[in-house]
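Given next are the chains, with one letter for each unit.
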Amino acid sequence: MKVVVLTGAGISAESGLSTFRDNDGLWENHRVEEVATPEAFDRNPELVQRFYNMRRANLKSVEPNAAHVALAQAEQQFESFLLVTQNVDDLHERAGSKNLLHMHGELLKQRCVQCHDVSEIIGELSVNAICPNCDGVGSLRPDIVWFGEMPYFMDDIMAALMDCDLFVSIGTSGSVYPAAGFVQIANQSGARTVELNLEPGDLQSEFQQAQYGKATAVVGEFFGNL
C-alpha cells in the first residue's frame, strides 16, 4: 500500500506548541502581515527575526507526542509512506520519521536571500548574521515559506498524491491552499481518503472516512487497525 499523510498544527498542539492562528486572527499576538510575509521582513527584519527566534527557542521545551510516534512507526509498515507536514517544528524528526517533507519550511534552517543557500541553525538568528556560504551580511532569513511564497516540494507531493492508495489528513483545518486541495487530488486518483482531526475541518465532505478526537488517541488507533 502506498500512503501519503498530511499533518497540520493540530498534531503539534498536543505537545504544547500553539496552533498556526488563533480565533482572533493573530499569530502569537502578531498579525500575519507583521511577521509572515516577505514584505514584513523587508520592512522590519528585527521584529521578524525576534519572532522566529522565540519560536525556535520554544522547541526546546516540547517533546514529540504519541501521534508523532505512531506516524514514525507506521512508516515502517508500508511499501511506500510519505509524510508531508505543514508544521515548521522538528517533532516528526525527533519521533523518528524519515521520509518527511516540510512543505512550509523549518524553524531550524536559515536561507540566504542572496545565494539561496540553506543551512541549519539552532540558536538565534540576528539581522547582521553572515551567510556561511557567500559571506553576505544581513542576508539570512528563516527558511520558512511565508504568505505569497510557493510551498516546497510541490512536484514531489503531487506525484505521490496521484500514485497513492491512502491519503490521511491529520490535525489540519483544510483552509489553506495548496494543502487544502490534496484531498481532491487523492480522490481523483482513486485513493481512500481519511480525515483524523479534533473536529470536522472545512473539507469534511471531501473525505470518504473521518475519525474525530485528540491526535494522540486517533492516529495510533487508525494505523494500528490497518
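Fair warning: this is a prediction, and the values are worked out from it, not measured in the lab.

Trainee: I tried to follow the confidence of the model for the protein chain on my own but got confused; where do I start?
Mentor: One rule of thumb: low pLDDT means the predicted coordinates there are not for detailed reading. Overall, the prediction assigns the protein chain a mean pLDDT of 93, with 95% of residues at 70 or greater. The low-confidence segment residues 22-26, where pLDDT is below 50, has three contacts with residues more than four positions distant or belonging to other chains.

Trainee: Even after reading the chapter, I still don't get the packing of aromatic side chains, so can you show me in this structure?
Mentor: Any aromatic ring pair is given by two values, namely how distant the centres are and how the planes are angled relative to each other. Counted under the stated rule, the structure contains nine aromatic pairs. With a centroid separation of 6.2 Å and an interplanar angle of 20°, the aromatic rings of F78 and F81 are classed as stacked. Taken as a pair, F78 and F81 share a single burial class, namely buried. Lying across the ring of W146, R141 places its NZ or CZ 3.7 Å from the centre.

Trainee: I tried to follow the sheet that holds strand β8 (residues 140-144) on my own but got confused; where do I start?
Mentor: Within a sheet, neighbouring strands are paired by backbone hydrogen bonds and run either parallel or antiparallel to one another. The strand order β7-β6-β8 describes an open sheet built from three strands, whose pairing is antiparallel. In the strand order of this sheet, the two ends are held by β7 (118-120) and β8, each with one partner. Strand-to-strand twist across the sheet, computed as the mean angle between neighbouring axes with direction ignored, equals 45°. Looking at chain direction, strand β6 (residues 105-112) and β7 are connected through three bridges and run antiparallel. Each residue of the ladder has a partner; that of Q110, found in β7, is S119.

Trainee: Please explain the sheet that holds strand β9 (residues 166-170) as it appears in this structure.
Mentor: Spatially, β5-β4-β1-β9-β10-β11 is the arrangement adopted by the six strands of the open sheet, whose pairing is parallel. Two strands lie at the open edges of the sheet, namely β5 (100-102) and β11 (209-212), each paired on one side alone. For this sheet, the mean angle separating the axes of adjacent strands, direction not counted, is 15°. Relative to β11, strand β10 (residues 192-197) is paired through four bridges, and the arrangement is parallel. Among the inter-strand pairings, E195 is bridged to a residue of β11, identified as A210. The strands touched by helix α5 (residues 66-74) within the sheet are β1 (2-7), β4 (80-85) and β9, with β4 carrying the most contacts at an inclination of about 150°.

Trainee: Help me understand α5, please; the structure alone is not making it clear to me.
Mentor: Since the α-helix packs 3.6 residues into each turn, any two residues three or four apart lie on the same face. Where α5 is concerned, the buried positions are A67, H68, A70, L71, A72 and A74. Where α5 is buried, its residues touch β1, α1 (9-13), β4, α6 (91-95), β9 and α9 (215-224). Of the residues that open α5, the one with a side-chain oxygen 2.8 Å from the backbone nitrogen of A67 is N65.

Trainee: When you look at the state of the cysteines in this model, what are you seeing that I'm missing?
Mentor: Working definition: the covalent bond between the sulfur atoms of two cysteines is a disulfide. Evaluated as defined, the whole model comprises zero disulfides. Not part of a disulfide, C131 finds its nearest cysteine sulfur in C134, a span of 3.7 Å.

Trainee: In this structure, what is going on with the side chain of S139? I would like to understand it.
Mentor: Summarising the element assignment, S139 is placed in the loop between β7 and β8. When its relative accessible area of 1% is taken as the criterion, S139 is described as buried. Within polar-contact distance, the side chain of S139 engages the backbone oxygen of G136 at 3.5 Å. Leaving out residues up to four positions away in the same chain, S139 has contacts with R111, C112, V113, Q114, A129 and C131.

Trainee: Mind showing me how you'd approach helix α4 (residues 45-58) here?
Mentor: Its 14 residues place the ends of α4 20 Å apart at the C-alpha level, agreeing with the 20 Å of an ideal helix rising 1.5 Å per residue. Taken as a whole, α4 has its buried residues at L47, V48, Q49, F51, Y52, N53, R55 and R56.

Trainee: Which parts of the structure should I look at to understand the environment of E63?
Mentor: Mapped onto the secondary structure, E63 falls in the loop between α4 and α5. Spatially, the C-alpha atoms of E63 and S12 are 9.2 Å apart, while their sequence positions differ by 51 residues. If we ignore the near neighbours within four places in the chain, the residues touching E63 are S15, L91 and R94.

Trainee: Can you walk me through the pairing of β1 in this structure?
Mentor: Each regular strand displays side chains that alternate between the two surfaces of the sheet. Judged by how many residues are buried, β1 sits mostly within the fold: five of six residues are covered. Inspection of the sheet shows β1 paired to β9 by five bridges, in the parallel sense. Within β9, the residue paired with L6 across the bridge is S169.

Quick notes on the rules
- Residues numbered from 1 in each chain as written.
- Predicted model: local features only at pLDDT ≥ 70, side-chain atom pairs only at ≥ 80, totals over all residues.
- Heavy atoms only, no water.
- pLDDT = per-residue confidence, 0-100.
- Contact = heavy atoms within 4.5 Å.
- Phe/Tyr/Trp six-rings, centres within 6.5 Å; stacked < 30°, edge-to-face > 60°.
- Buried < 20%, exposed > 50% of the residue type's maximum accessible area, 1.4 Å probe, protein only.
- Lys NZ or Arg CZ within 6 Å of the ring centre and 35° of its normal.
- Pairing = 2+ DSSP bridges.
- Helix = DSSP H or I, 4+ residues; strand = E, 2+ residues; numbered from the N terminus.
- Axes fitted to C-alpha atoms, helices over the stretch in contact; angles between N-to-C directions.
- Polar contact = N/O pair within 3.5 Å; in protein donor to acceptor, adjacent residues only side chain to side chain.
- Disulfide = S-S within 2.5 Å.
- Expected span 1.5 Å × (residues − 1).

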